[in-house]
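Listed here are the chains, written in short residue letters.
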Amino acid sequence: MTETTDDRVVLPAAFERFVLAWGSLGGAWGVNRSVSQIHALLYLSEAPLTMDAIVDTLGIARSNVSTSLKVLMAWGLVRRAPVKGDRREHFEAETDIWEIAALIAAGRKQREIDPALAALKTCVAEANADPKMTPVARKRLVAMLEFTEMADRWHTQMMQLPKSKLASLVGLGARVIKFIPLGKPQGRTPNG
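Everything quoted here is computed from the prediction, not taken from an experiment.

## Remarks on the overall build of the chain
Okay, step 1: When helices and strands are tallied, the chain shows seven helices and five strands.
Okay, step 2: Helices and strands in the chain line up, N terminus first, as β-β-α-α-β-α-α-β-β-α-α-α.
Okay, step 3: On C-alpha atoms alone, the chain measures out to a radius of gyration of 23 Å, which is more than a quarter above the 16 Å that the 2.2 N^0.38 rule sets for 192 residues.
Okay, step 4: Here the C-alpha coordinates of the chain stretch approximately 70 × 40 × 30 Å along the principal axes.
Okay, step 5: Sorting the 192 residues of the chain into buried and exposed places 26% on the buried side.
Okay, step 6: Intrachain contacts of the chain at a sequence separation of at least 6 include 50% that bridge at least 24 residues.
Okay, step 7: Carbon and sulfur atoms make up 59% of the accessible area of the chain, which amounts to about 13,200 Å² in all.
Okay, step 8: If the 25 positive side-chain charges of the chain are averaged to one point and the 20 negative ones to another, these points end up 10 Å apart.

## Remarks on the nonpolar core
Okay, step 1: Among the nonpolar cores identified, the biggest contains 22 residues, and Ile-38, Leu-41, Leu-42, Ile-54, Val-65 and Leu-69 are the most heavily contacted of them.
Okay, step 2: Counting residues per element, the ones that place at least two in this core are α1 (13-28), α2 (33-44), α3 (51-58), α4 (62-75) and β5 (90-93).
Okay, step 3: If one sorts the elements of this core by residue count, α2 sits on top with five residues.
Okay, step 4: Sequence-distant contacts of Leu-42, that is, excluding residues within four places in its chain, are made with Leu-49, Ile-54, Leu-69, Val-78, Phe-91 and Ala-93.

## Describing the packing of α2 against α3
Okay, step 1: For the pair α2 and α3, interaxial distance at closest approach is 11 Å and the crossing angle is 110°. As judged from the angle between their axes, α2 and α3 are roughly perpendicular. Read as a crossing pair, α2 and α3 show a hand that is right-handed. Where α2 approaches α3, its residues Gln-37, Ile-38, Leu-41 and Leu-42 are matched on the opposing element by Ile-54, Thr-57 and Leu-58.

## Observations concerning the pattern of salt bridges
Okay, step 1: With the rule as written, the count across this model stands at nine salt bridges.
Okay, step 2: Residues Asp-86 and Arg-88 are paired through a salt bridge, measuring 2.7 Å at the closest nitrogen-oxygen approach.
Okay, step 3: For Asp-86, a relative accessible area of 22% translates into the label partly exposed.
Okay, step 4: For Arg-88, a relative accessible area of 48% puts it in the partly exposed group.

## Quick word on the packing of α1 against α2
Okay, step 1: The geometry of α1 relative to α2 is characterised by a closest axis approach of 7 Å and an angle of 145° between their N-to-C directions. Two packed elements cross with a definite hand, and for α1 against α2 that hand is right-handed. From α1, Phe-15, Phe-18, Val-19, Leu-20, Trp-22, Gly-23, Ser-24 and Gly-26 reach across to α2, where they touch Arg-33, Ser-36, Gln-37, His-39, Ala-40, Leu-41, Tyr-43 and Leu-44.

## Observations concerning the side chain of Glu-94
Okay, step 1: Inspection of the secondary structure assignment puts Glu-94 in the loop between β5 and α5 (97-129).
Okay, step 2: Given the relative accessible area of 16%, Glu-94 is considered buried.
Okay, step 3: A polar side-chain atom of Glu-94 sits 3.0 Å from the main-chain amide nitrogen of Asp-96.
Okay, step 4: In this structure, Glu-94 is in contact with Tyr-43, Gly-76, Leu-77, Arg-79, Glu-99 and Ile-100, ignoring residues within four places of it in sequence.

## A look at the packing of aromatic side chains
Okay, step 1: Across all of its chains, the model carries three aromatic pairs by this definition.
Okay, step 2: When the centroid spacing of 5.5 Å and the interplanar angle of 25° are considered together, the rings of Phe-18 and Trp-22 count as stacked. Taken together, the positions of Phe-18 and Trp-22, both in helix α1 and four residues apart, correspond to about one turn of that helix.
Okay, step 3: Since its relative accessible area comes to 23%, Trp-22 is described here as partly exposed.
Okay, step 4: Since its relative accessible area comes to 27%, Phe-18 is described here as partly exposed.
Okay, step 5: Taken together, Phe-18, Trp-22, Trp-29 and Tyr-43 form an aromatic cluster joined through their ring pairs.

The rules behind these values
Residues numbered from 1 in each chain as written. Predicted model: local features only at pLDDT ≥ 70, side-chain atom pairs only at ≥ 80, totals over all residues. Heavy atoms only, no water. Helix = DSSP H or I, 4+ residues; strand = E, 2+ residues; numbered from the N terminus. Rg over C-alpha atoms; globule rule 2.2 N^0.38 Å. Buried < 20%, exposed > 50% of the residue type's maximum accessible area, 1.4 Å probe, protein only. Contact = heavy atoms within 4.5 Å. Areas by Shrake-Rupley, 256 points an atom, 1.4 Å probe, with all protein chains shown as cover. Lys, Arg positive; Asp, Glu negative; His and termini not counted. Charge placed at Lys NZ, Arg CZ, Asp CG, Glu CD. Core = buried A, V, L, I, M, F, W, Y, C linked by side-chain atoms within 4.5 Å. Axes fitted to C-alpha atoms, helices over the stretch in contact; angles between N-to-C directions. Parallel < 35°, antiparallel > 145°, perpendicular 65-115°, else oblique. Left-handed = near helix turned anticlockwise from the far one by under 90°. Salt bridge = Lys/Arg side-chain N within 4 Å of Asp/Glu carboxyl O. Polar contact = N/O pair within 3.5 Å; in protein donor to acceptor, adjacent residues only side chain to side chain. Phe/Tyr/Trp six-rings, centres within 6.5 Å; stacked < 30°, edge-to-face > 60°.

Spatial relationships are all this shows, so hold off on functional conclusions.
See below:
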């Protein structure tokens, strides 16, 4: 996996490029760069790594590595991996890409969809009870709630499928559209 120069671990170019790119992408997804880089390092590593190895390889402060590992373990993306004859803690990443996608989707649903649903349900209930609320605003709140509920149901249905069925469904891509009756096109308006 790596060459060692002094105390610094040198990764192969493609390995390092992936770690750096994953870190940058994590920032775009709202995930701390260090968390994403550690995940990338552990994902490509053939053997579990100690916290010291992660610190030395990535040049990230030990406290940052510790915090990032806790985040990754809370998501289920990283776990402790005991190594026979070594008392230090070692860490490894989940490597099944479908499991990774499911864990990330579940985490995002919990952090984004569930609170949105709760807020929208409260807003719709308050809007329905408020005579000052305009029908247009009420209609738009209901539409947003219905859409979010539909996304929530879709997520639940997809997560109940066996990985093989989900992979087949994803593999169909745009070809699935031919099974859906299109009918008359409906216009999309931003003010709906």
